[in-house]
Amino acid sequence: MNLLKPYNLKFYFTLLLLVAFQACNEDDIKTYPPPTIADVSVDFYLTSPDQANLLKATTNGLFPMVANSNFTINVTESTSYQEMDGFGYTLTGGSAMLINNMSTSSRSELLQELFGTGDNSIGISYLRISIGASDLDATTFSYNDLPSGQTDENLDNFSINPDMSNLVPVLNEILAINPNIKILATPWSAPTWMKDNNSTIGGVLLPQYYNTYANYFVKYIEAMAAQGITIDAITIQNEPENPYNNPSMVMSADQQKDFIKNNLGPVFQTENISTKIILFDHNLDNPDYPISILNDASAKSYVDGSAFHLYAGQISNMSLVHNAHPDKNVYFTEQWIQAPGDFYSDIRWHVRELIVGAPRHWSKNVLQWNLAADPNNNPHTDGGCTECLGAITIDGNSVQRNPGYYIIAHASKFVPAGSVRIESNTSFEFPNVAYKTPNNKIVVIVLNNSDVQKSLNINVETQPISVTMPAGAVATFVW
């Protein structure tokens, strides 16, 4: 009999394995505990383009930093730059009307969410308002409208009554929540009788009314102060190179320089007006406009700084203006989002260019246009913006939060006025900006500026971290 047939060999081999296994003692078998993840005492707030995370507090993908080949943001607290005045929106007359028309309880709840500092609030700390109508009011108006052919050089008929129905009451409710909010006021046009075309659209301020118009600003600031509203700063003209909006007014750099040094500046000085005077308030494709005014020593002596929009030009041009006159401030005062909005692209562009880009180029604030509109992007003037998407859409007492809400909230909620920008290195894939707050917290805002999930490190002295971010997501980290 042949015992080495193939099936017999398999039998003996299997028997040998069973004997060997039984001979092993259980104590000889090594066991391994599951991996542990150390706690990270860093607050992490995430907004992702798919809207699965909307300013959401999370710990997903967050770990203590370990050696790896990922990009590292190194934060240097000892190197500091400008102090921030705040983040927010333009509170247009239309925005104020929609808010004021809400029920008392709904309005109170919304304003607390927008301007409060609680867990469910986003802490808006800066507002821009219009002197007279903007194009997002229901109709055009100034504070001294007269029948055709009449003038009022003494401004005897001056009145902010058009603002008393909605704007002033809403501002006072906001001030009750945040008494320290900074307010910037901007005219879209002088009263038509002061202009060469007697129209709300385009035209220029007639030189014989320069001093009258300077007093118009004084009367406005004093009238608002009488209502308990402090105007921290004014810009002289919204978009002085845009003659097409309704309302609008053209003002060249030479005209603005002349108006400041010979009229507005001296009148503010004589009347003890401490409100800051800010130049330009238009696109970054023309940094020479404010620089040319600041090059005039007399005009410069009255000026706090220059303001910009980014409908044309590059955000880096803010640094050109800052570097030309580093003793003067720069501000970012307007950028719209076109309705109906595209969450993915809106979040990425606005965070990269404005929330990160503007402060990295010395801006003391970042303001979006505009705070609120209704579902049809109303109200607006005849000829005003028909596609301006509000940060929120208000429909009666119902509120929808749009991309602009989350763009600003990622900064306003965590970077209060008085925070100081500190050094952090940056990259194309991970644009970022870092701050130290008045309470000595470190805040880093980061965008994953790519179309794939990415991991990075943030090296902050108190606790370095590694984190994974979804494609196109924005995150705010607080130590």
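Note that the structure is a prediction, hence the values are computed from the model and not measured.

Right, let's talk about the overall build of the protein chain for a bit. Along its length, the protein chain carries eleven helices and 21 strands. Taken across its 479 residues, the protein chain has 55% of its residues classed as buried. Working note: accessible area of the protein chain is about 20600 Å², and carbon and sulfur atoms make up 49% of it. Each charge class in the protein chain was averaged separately, 24 positive and 46 negative side chains, and the resulting centres sit 10 Å apart.

With that settled, the discussion passes to the sheet that holds strand β7 (residues 182-187). Pairing is parallel in the closed barrel, where eight strands are placed in the order β5-β6-β7-β8-β9-β10-β11-β12. Strand after strand, the sheet turns through a mean of 30° between neighbouring axes, direction not considered. Pairing of β7 with strand β8 (residues 233-235) involves two bridges; the strand directions are parallel. For L184, the partnering residue across the bridge sits in β8 and is A233.

On to the state of the cysteines. One pass over the full model with this rule turns up one disulfide. One disulfide bridge connects C385 with C388, the sulfur atoms lying 2.1 Å from each other. When the S-S torsion is 105°, as for the bridge of C385 with C388, the disulfide is right-handed. Across this residue pair, the class does not change: C385 and C388 are buried.

This next bit is on the packing of helix α3 (residues 104-115) against helix α4 (residues 167-177). Two numbers describe how α3 lies on α4: the axes approach to 10 Å, and their chain directions differ by 55°. What the angle tells us is that α3 and α4 run oblique. Considering how the two elements wind past one another, α3 and α4 form a crossing that is right-handed. In this structure, α3 contributes R107, L111, Q112 and F115 to the contact, and α4 contributes E173, I174 and I177. The residue inventory of the contact of α3 with α4, partitioned by class, reads four nonpolar, one polar and two charged.

What follows is about the side chain of S419. Among the secondary structure elements, S419 is positioned in the loop between α11 (403-412) and β16 (420-424). Residue class for S419 comes out buried when judged on its relative accessible area of 0%. Within the structure, S419 has its side chain in polar contact with the backbone oxygen of P416 (distance 2.8 Å). Not counting the four nearest positions on each side in its chain, S419 is found in contact with Q82, E83, M84, Y435, K436, T437 and P438.

Between helix α10 (residues 343-360) and α11, the least distance of the axes is 9 Å, while the angle of their chain directions is 35°. The two elements α10 and α11 cross, and the hand of that crossing is right-handed. Here α10 contributes F343, D346, I347, H350, V351 and I355 to the contact with α11, which in turn contributes P403, Y406, I407, I408 and A411.

Residues L167, V168, V170, L171, I174 and L175 constitute the buried set of α4. On an axial view of α4, the arc spanned by its buried residues comes to 160°, and they lie on one face. Elements that come into contact with the buried residues of α4 comprise α2 (93-100), α3, β6 (126-131), β7 and α5 (210-226).

Looking now at α10. In this model α10 runs 24 Å from its N-terminal to its C-terminal C-alpha over 18 residues, within 8% of the 26 Å that 1.5 Å per residue would give. For α10, the principal kink sits at V351 and spans about 40°. The element α10 is largely enclosed, with a buried count of 13 among its 18 residues. Directly beyond the C-terminal end of α10, a positive phi value near 85° is found at W362.

Further remarks concern empty space enclosed by the protein. This structure, assessed with the given rule, holds one cavity of 30 Å³ or more. Looking at the largest cavity, its volume works out to about 40 Å³. Lining the largest cavity, in full, are T92, G94, S95, L136, N370, A372, A373, N377, N378, P379 and C388. Those elements giving two or more residues to the lining of the largest cavity turn out to be α2 and β13 (372-373).

Looking now at the layout of surface pockets. Over the atoms rolls a probe the size of a water molecule, and its path tells where empty space is left. Counted as a void, the largest pocket has a volume near 770 Å³. Considering the residues around the largest pocket, the lining is formed by 33 residues, among which T117, G123, S412, K413 and F414 are closest to the centre. For the lining of the largest pocket, the elements supplying multiple residues, two or more each, are β1 (43-47) and α11. Per element, the largest residue contribution to the lining of the largest pocket is three residues, and it comes from α11. Here the lining of the largest pocket is composed, by residue class, of 15 nonpolar, twelve polar and six charged.

Summarising the element assignment, V460 is placed in the loop between β19 (454-459) and β20 (465-469). The spatial distance from the C-alpha of V460 to the C-alpha of E429 is 19 Å, given a sequence separation of 31 residues. Excluding residues that lie within four positions of it along the chain, V460 makes contacts with V75, I442 and W479.

Taken in spatial order, the three strands of this open sheet run β13-β14-β15, and their pairing is mixed. The open sheet is flanked by β13 and β15 (398-401), the only strands paired with a single partner.

Attention shifts here to the confidence of the model for the protein chain. Close inspection of predicted coordinates is inappropriate in any region flagged by low pLDDT. Model confidence for the protein chain is summarised by a mean pLDDT of 93, while 92% of its residues fall at 70 or above. Residue range residues 1-36 is modelled with pLDDT below 50. Its contacts to residues more than four positions away, or to other chains, number four contacts.

Quick look at the pattern of salt bridges now. What the rule picks out here adds up to 13 salt bridges. R401 serves as the salt-bridge partner of E113, at 2.8 Å between the closest nitrogen and oxygen. Of the two residues, E113 sits in helix α3 while R401 sits in strand β15, which places them 288 residues apart along the sequence. A relative accessible area of 13% means that E113 is categorised as buried. A relative accessible area of 31% means that R401 is categorised as partly exposed. Among the salt bridges present, the one from D254 reaches K257, with a minimum N-O distance of 3.7 Å. Pair noted here: D254 and K257 are both in helix α6 (residues 253-270), with a separation of three residues, about one helical turn. Among the charged side chains, a network of salt bridges with common partners joins R128, D281 and E334.

Parameters at a glance
- Residues numbered from 1 in each chain as written.
- Predicted model: local features only at pLDDT ≥ 70, side-chain atom pairs only at ≥ 80, totals over all residues.
- Heavy atoms only, no water.
- Helix = DSSP H or I, 4+ residues; strand = E, 2+ residues; numbered from the N terminus.
- Buried < 20%, exposed > 50% of the residue type's maximum accessible area, 1.4 Å probe, protein only.
- Areas by Shrake-Rupley, 256 points an atom, 1.4 Å probe, with all protein chains shown as cover.
- Lys, Arg positive; Asp, Glu negative; His and termini not counted.
- Charge placed at Lys NZ, Arg CZ, Asp CG, Glu CD.
- Pairing = 2+ DSSP bridges.
- Axes fitted to C-alpha atoms, helices over the stretch in contact; angles between N-to-C directions.
- Disulfide = S-S within 2.5 Å.
- Parallel < 35°, antiparallel > 145°, perpendicular 65-115°, else oblique.
- Left-handed = near helix turned anticlockwise from the far one by under 90°.
- Contact = heavy atoms within 4.5 Å.
- Nonpolar A, V, L, I, M, F, W, Y, C, P; charged D, E, K, R; others polar.
- Polar contact = N/O pair within 3.5 Å; in protein donor to acceptor, adjacent residues only side chain to side chain.
- Arc of directions from axis to C-beta.
- Expected span 1.5 Å × (residues − 1).
- Bend = angle between axes of the 7 residues up to and from the residue.
- 1 Å grid on protein atoms, 1.4 Å probe; cavity = no way out; pocket = protein on both sides within 12 Å on 5 of 7 lines; lining within 4 Å.
- Points joined across faces, edges and corners; volume = space filled by probe spheres on them.
- pLDDT = per-residue confidence, 0-100.
- Salt bridge = Lys/Arg side-chain N within 4 Å of Asp/Glu carboxyl O.

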